[in-house]
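# Structural overview
Listed below are the residues making up each chain.
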Amino acid sequence: MKIKSKIITVFSLSLFLNFMACKGDKKLVKNDQNESTEKRYLGKPVTKDFDSKIDELIAEMTLEEKTGLLHGNSMFATAAVERLGIPELKMADGPLGVREELEKESWTPLGLDDDYATYYPAGAGLSATWNPELAYTFGNSVGKETRARGKDVLLSPAINIIRTPLGGRTYEYFTEDPFLNKKLAVPFVVGIQDNNVAACVKHFAANNQETHRDYVNVKIAERPLREIYLPAFEATVKEAHAYSMMGAYNKFRGEYLCENDYMLNQILRDEWGFEGVVISDWAAVHTTVNSLKSGLDIEMGTPKDFDEFFLAQPLIDAAKAGEISEEEINKHVKRVLRVMYSVKSMGSDDRKKGSISTEAHFKDAYNIAAESVVLLKNENDLLPLKASRIKTLAVIGDNAKKKNALGGFGAGVKTKREVTPLEGLQNRLPKSVNIQFAQGYEERYSKTEKAKLGDVTLSGPVTIDELDPALVEEAVNAAKNADAAIIFAGSNRDYETEASDRASLDLPFGQKELIEKVLEANPNTIVVMIAGAPYDIDEISQKSSALVWSWFNGSEGGNALANVLLGDVNPSGKLPWTMPKKLEDSPAHATNSFPGDETVSYDEGILVGYRWFDTKNIAPLYPFGYGLSYTDFNFSDVETNTKTYTQNDTISIRLNVENTGELAGKEVVQVYVSKIESAVERADKELKAFKKVEVSAGKKASVNIQLPVKELAYYDVSSKDWVVEPGIYNLKLGNSSRNILEELEITIQ
């Protein structure tokens, strides 16, 4: 599409400074295959420089002091050993930012006035940027805030694969794709740990639903386990050197994941070489001796007195009874102390101090939010809005004013700044524009009805979906009488929440009916969805001319969204998951393998997300990787450095990306790979490389993408190893999984 209005492209000074700061750092490794370099983020391993000192400390510790390091002594800290100079290991919740301070023995906030923090975009928003540099920016920024609050461990990132669109924590997780997942998780973890803070990667592993999460037994065949659910965790261990990992609530193949020898010892430590600590999810431990021997290091939780934790007095009793050796206990204590030395809470006087709630951090949050907004539809060039042509703007919908930093069952952020969409428009529009707000719908929940088992977890919220006629009339009249109208709909963090999955894809609170009435009144109304997970918006998509998807997008989310709507930012977000037309099209539901009861079997195997839709030839509403721009892009001159490769080579893909419009913009070149005549089951295509590139209006950018041949491997169950199958592969370059623009073939010897 062509737009003649002038656009102001927002250039992120803080992002540029972050990039330049990283460029000279050893963590940013240049790929020797080509002069145009791919950036690779590498973390620092757990230090062993203080092992002799640690051994001396352990020799002086009593059994009681040792066990104090292995379980919570408050909501978010282990016990200190003051006489030996061993501090508490202090933790903080953090996927959206550093959580406020709580009472020692409850979830009650302390009500302090010095624990405000920056509210960062949720994981879904970050993943929609398709930008690893912004993932590092996020981690580095929130890492600074964690240090400023005096914490040692940030319980973040949450990187479980999105298996069902109903997932209560889909907003918090990254993506349905293992490759995109790891390419964002690694820089995120490195960014956190650059600030002398341990990232706690969660939830390890196969924790892909909230329904029955405390006890459900997950069954996954070995190949999908390795190819879909573990790659991001493995990358955070081998590349980012994550200092801690959080064990999940659920069972895996009959054993709870906080005491699962196969996952914690055999895979995580023996196979991947993890040297950090495994921390339980809160109240996810079920035994004393078995949990330690199976690989757990620290038990956290709140349901009983701290001395009654499995790794507290019961561990002391077990050691005294000879049920577990003190040598075994020492092994876990040493892991904890190594992490303390690694984050410099011990043995150093040059630990980073951090900073919190700064303008620089709010700008970081803005930069992420600005690149996350996804333009789904834009017929008749309704967007960007031209303020010079608007005297009255109707702003409709409860989500125009809704704040999401706090809410729901999961961890939120106490922040001094959360700009709503309405405030963002007020901040950006000239005073000559009269903004008329109409609420349209109410966020209401039933106090008497309970969610039905099988539809959703028992604690799930039940919405009241009847509209208030007076509010509808006000909204319709506002749309009729305005020069332009925007309706902000979708969801919020009270409805999408930890501890429950949604019952359906239906929009809550009667919003579908409201949107249809507003569109009837003014067909040119712009529909903006704010949500973290897919919803049924098929009919809305058909009836609307302009459709935008935004997220629970942080302290500056409203300003970022307003800048996209007004054209100061050209949208470049891409969907990190598939938007289905109907729920039963999604693989976990097509196979009737969600939510299970006591057991859930992942019957779709390796065909998760777009792999299912593309392989089964099921049309999604919007495909994985999809997102429009206010300009258009063409790919041309695609070539590889050679046509034949060996197992240890790197494929160098070169192409030109041309911006054929009148506005500067960013496009994501997505490289999918198909194996021709494979001897094993394969998805139709798999994402194996991508690069986000900015191109000036009317210009071309030369793009070079590096794809290691090893990324083409599948997991061979018989040999228990990764195998690159020789033969012909098809490289498919596009800007979504369903919009392939260029193809070429290569051969692997």
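Everything numeric in this text was worked out from a predicted model, so none of it was measured.

### Observations regarding the overall build of the protein
For the protein, the helix and strand inventory stands at 20 helices and 29 strands. By residue count, 64% of the 749 residues in the protein fall in the buried class. Long-range contacts, defined as pairs at least 24 residues apart, comprise 77% of the intrachain contacts of the protein with a sequence gap of at least 6. Accessible surface computed for the protein: about 27,300 Å², of which carbon and sulfur atoms make up 45%. Looking at charge distribution, the protein has the averaged site of its 88 positive side-chain charges lying 5 Å from that of its 110 negative ones.

### Here's the deal with empty space enclosed by the protein
Using the criterion set out here, one finds 6 cavities of 30 Å³ or more in the structure. What the largest cavity holds in volume is close to 140 Å³. As for the largest cavity, its lining consists of 17 residues, and the residues nearest its centre are Val419, Pro421, Ile530, Trp551 and Asn553. By residue number, the principal contributor to the lining of the largest cavity is helix 18 (residues 557-566), which donates 3 residues. A per-class count over the lining of the largest cavity returns 7 nonpolar, 8 polar and 2 charged. If you add up the space inside the second largest cavity, you get close to 100 Å³. In this structure, the second largest cavity is lined by 13 residues; those nearest its centre are Arg163, Pro165, Glu176, Thr578 and Ser586. When the residues that make up the lining of the second largest cavity are grouped by side-chain class, the tally is 7 nonpolar, 4 polar and 2 charged.

### Brief notes about the pattern of salt bridges
This model, assessed by the stated rule, comprises 48 salt bridges. Linking Glu604 and Arg163 is a salt bridge whose minimum nitrogen-to-oxygen distance equals 2.6 Å. Of the two residues, Glu604 sits in the loop between strand 19 (599-601) and helix 20 (610-615) while Arg163 sits in the loop between strand 6 (153-155) and helix 6 (178-193), which places them 441 residues apart along the sequence. Glu222 is paired through a salt bridge with Arg226; the nearest N and O atoms lie 3.0 Å apart. Within this pair, Glu222 and its partner Arg226 are both found in helix 7 (residues 222-229), separated by 4 residues, close to a single helical turn. Judged by its relative accessible area of 13%, Glu222 falls in the buried class. Connected through shared salt-bridge partners, Arg169, Glu172, Glu210, Arg213 and Glu498 make up one network.

### Digging into the confidence of the model for the protein
One rule of thumb: low pLDDT means the predicted coordinates there are not for detailed reading. In the predicted model, the protein carries a mean pLDDT of 94, and 94% of its residues have values of at least 70. When the criterion is pLDDT under 50, residues 1-36 qualifies, and its contacts beyond four places in sequence or with other chains add up to 76 contacts.

### Concerning the sheet that holds strand 17 (residues 526-530)
Judged by pairing direction, the sheet is mixed, and its 6 strands sit side by side in the order 13-18-17-16-14-15 without closing on themselves. At either end of the open sheet lies a strand with only one pairing partner, and these are strand 13 (374-378) and strand 15 (434-438). Each strand axis lies, on average, 20 degrees off the axis of its neighbour in the sheet, ignoring direction. Each of strand 14 (392-396), strand 15, strand 16 (484-490) and strand 17 touches helix 14 (residues 421-428); the most contacted strand, strand 15, lies at about 175 degrees to it. Across the sheet, helix 16 (residues 511-521) touches strand 14, strand 16 and strand 17, and the angle it forms with strand 16 is around 170 degrees.

### Some details on the packing of aromatic side chains
In the structure shown here, the tally under the stated rule is 25 aromatic pairs. Ring centres 5.6 Å apart and planes at 85 degrees place the aromatic pair Tyr445 and Phe509 in the edge-to-face group. You can see Tyr445 sitting in the loop between strand 15 and helix 15 (469-480) and its partner Phe509 sitting in the loop between strand 16 and helix 16, a full 64 residues away along the chain. Geometrically, the ring pair formed by Tyr715 and Trp722 is edge-to-face, given 5.5 Å between the ring centres and 75 degrees between the ring planes. Residue classification places Tyr715 among the buried positions, given a relative accessible area of 4%. Following the ring pairs from residue to residue traces out a cluster consisting of Trp130, Phe179, Tyr610, Phe624, Tyr672 and Phe690.

### Here's the deal with the environment of Glu239
Relative to the helices and strands, Glu239 resides in the loop between helix 8 (231-238) and strand 9 (244-247). Between the C-alpha atoms of Glu239 and Leu268, which are 29 residues apart in sequence, the distance is 14 Å. What Glu239 contacts, discounting residues up to four positions off in sequence, is Arg40, Tyr41, Leu42, Gly43 and Val186.

### Notes on the packing of helix 5 (residues 132-148) against helix 13 (residues 359-372)
Remark: helix 5 packs on helix 13, axes separated minimally by 10 Å, with the N-to-C direction vectors making an angle of 150 degrees. In terms of axis orientation, helix 5 runs roughly antiparallel to helix 13. The handedness of the crossing between helix 5 and helix 13 comes out as left-handed. Taken together, the residues of helix 13 that come into contact with helix 5 (itself represented by Leu134, Thr137, Phe138, Ser141, Lys144 and Glu145) are His361, Asp364, Asn367, Ile368 and Glu371.

### A short note on the nonpolar core
If you look at the biggest cluster of nonpolar residues, it comprises 154 residues, and the most contacted ones within it are Ile86, Met91, Phe204 and Phe488. At 9 residues, helix 6 tops the list of elements feeding residues into this core. Here Met91 is in contact with Phe76, Thr78, Lys151, Val153, Leu155, Ile279, Trp282, Ile298 and Met300, once residues within four sequence places are set aside. Judged by nonpolar contacts, the second largest core, of 43 residues, contains Ala482, Ala489, Trp577 and Leu621.

### As for a negative patch on the surface
Residues Glu103, Glu105, Asp305, Asp307 and Glu308 make up a contiguous surface patch of negative charge. When you line up the elements, Asp307 lands in the loop between helix 10 (289-293) and helix 11 (313-320).

### Regarding the sheet that holds strand 20 (residues 633-640)
Spatial strand order, 20-22-25: 3 strands in an open sheet with antiparallel pairing. If you trace the sheet from one side to the other, it starts and ends with strand 20 and strand 25 (700-708), each paired once. Each adjacent strand pair in this sheet contributes to an overall mean axis angle of 25 degrees, direction not counted. The sheet contact formed by strand 20 and strand 22 (residues 650-659) spans 6 bridges and is antiparallel. Paired with Ser636 across the two strands is Asn656, which belongs to strand 22.

### Remarks on the pairing of strand 9
Alternating positions in strand 9 separate into two faces, Ser244 and Met246 on one and Met245 and Gly247 on the other, with burial throughout. Pairing analysis gives 3 bridges linking strand 7 (residues 198-204) to strand 9, with the strands arranged parallel. Bridging across to strand 9, Cys200 finds its partner in Ser244.

### Side note on helix 9 (residues 261-271)
Buried residues of helix 9: Met263, Leu264, Asn265, Ile267, Leu268 and Arg269, and no others. Phi turns positive, to about 80 degrees, at Gly273, one or two residues after helix 9.

So, how was this worked out
- Residues numbered from 1 in each chain as written.
- Predicted model: local features only at pLDDT ≥ 70, side-chain atom pairs only at ≥ 80, totals over all residues.
- Heavy atoms only, no water.
- Helix = DSSP H or I, 4+ residues; strand = E, 2+ residues; numbered from the N terminus.
- Buried < 20%, exposed > 50% of the residue type's maximum accessible area, 1.4 Å probe, protein only.
- Contact = heavy atoms within 4.5 Å.
- Areas by Shrake-Rupley, 256 points an atom, 1.4 Å probe, with all protein chains shown as cover.
- Lys, Arg positive; Asp, Glu negative; His and termini not counted.
- Charge placed at Lys NZ, Arg CZ, Asp CG, Glu CD.
- 1 Å grid on protein atoms, 1.4 Å probe; cavity = no way out; pocket = protein on both sides within 12 Å on 5 of 7 lines; lining within 4 Å.
- Points joined across faces, edges and corners; volume = space filled by probe spheres on them.
- Nonpolar A, V, L, I, M, F, W, Y, C, P; charged D, E, K, R; others polar.
- Salt bridge = Lys/Arg side-chain N within 4 Å of Asp/Glu carboxyl O.
- pLDDT = per-residue confidence, 0-100.
- Pairing = 2+ DSSP bridges.
- Axes fitted to C-alpha atoms, helices over the stretch in contact; angles between N-to-C directions.
- Phe/Tyr/Trp six-rings, centres within 6.5 Å; stacked < 30°, edge-to-face > 60°.
- Parallel < 35°, antiparallel > 145°, perpendicular 65-115°, else oblique.
- Left-handed = near helix turned anticlockwise from the far one by under 90°.
- Core = buried A, V, L, I, M, F, W, Y, C linked by side-chain atoms within 4.5 Å.
- Patch = residues over 30% accessible without salt bridge, like charges linked within 9 Å, V, L, I, M, F, W, Y side chains within 5 Å.

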